[in-house]
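Topology and contacts: notes
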Amino acid sequence: MKLLELEIKNIRGIKSINITPQGENVVVFGPNGTGKSAIVDSIDFLLTGKISRLTGEGSKKLFLKEHGPHVDSRDDLKNTIVRAKVEIENKTLFLERSVDKPTSLKIEPEVDKDLAFSYLGMAELGQHI
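What this report covers is the structure whose coordinates are included nearby. (Residues numbered from 1 in each chain as written. Predicted model: local features only at pLDDT ≥ 70, side-chain atom pairs only at ≥ 80, totals over all residues. Heavy atoms only, no water.)

Moving on: the sheet that holds strand β1 (residues 2-11). Taken in spatial order, the five strands make up an open sheet running β2-β1-β3-β4-β5, and their pairing is antiparallel. Across the chains shown, the open sheet's two edge strands, defined by having one partner strand only, are β2 (14-19) and β5 (101-108). Ignoring which end each strand starts from, the neighbouring axes of this sheet average 15° apart. Examined bridge by bridge, strand β3 (residues 81-88) and strand β4 (residues 91-98) share eight bridges and lie antiparallel to one another. Bridged to Ala-84 within β4 is Leu-95. Helix α1 (residues 36-48) contacts β1, β2, β3, β4 and β5 of the sheet and is inclined by roughly 105° relative to β1. Those strands touched by helix α3 (residues 113-124) are β3, β4 and β5, and its axis lies near 130° from that of β5. (Pairing = 2+ DSSP bridges. Helix = DSSP H or I, 4+ residues; strand = E, 2+ residues; numbered from the N terminus. Axes fitted to C-alpha atoms, helices over the stretch in contact; angles between N-to-C directions. Contact = heavy atoms within 4.5 Å.)

Set out below in structure tokens:
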């Protein structure tokens with residue numbers, strides 16, 4: 001799967017950002033607190049509906065709907081979204097997931113849902129981290 005475009009709105013420390021790696025490698029760097037981990041969290045959320053860093057031992061009081069959105073957006077979960085344009089086996093797909101409905105992944109065109117889910121199954125196993 002190649003990431004062509006990534007749009008993040010109101011996730012963790014990011015209010016809004018658009019990244020267009022066009023399937024190439026990307027290096028994200030900067031000082032602490034500038035949103036580097038939020039980009040990784042957003043991709044994690046898009047592919048799995050979860051943010052791995054908010055789960056597991058030691059995270060008993062962290063919840064996606066409370067700690068996933070940007071601090072200014074906790075009352076507007078419908079606009080707390082991650083969208084991506086990806087390429088899978090030379091087909092372009094559009095993926096979208098909202099913190100409002102984290103188990104619902106929009107995939108367009110719909111005819112390629114089976115193709116997308118075959119790759120997303122690997123993410124469910126943690127192979128994207």
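Anyway, onward from the coordinates.
With omega at -5°, the peptide bond leading from Glu-108 into Pro-109 counts as cis. With respect to the secondary-structure elements, Pro-109 resides in the loop between β5 and α3. Phi at Arg-12 is positive, roughly 45°, even though this residue is not glycine. Given the relative accessible area of 24%, Arg-12 is considered partly exposed. With a phi angle near 65°, Asn-90 is a residue other than glycine that sits in the positive phi range. Here Asn-90 is to be found in the loop between β3 and β4. (Buried < 20%, exposed > 50% of the residue type's maximum accessible area, 1.4 Å probe, protein only.)

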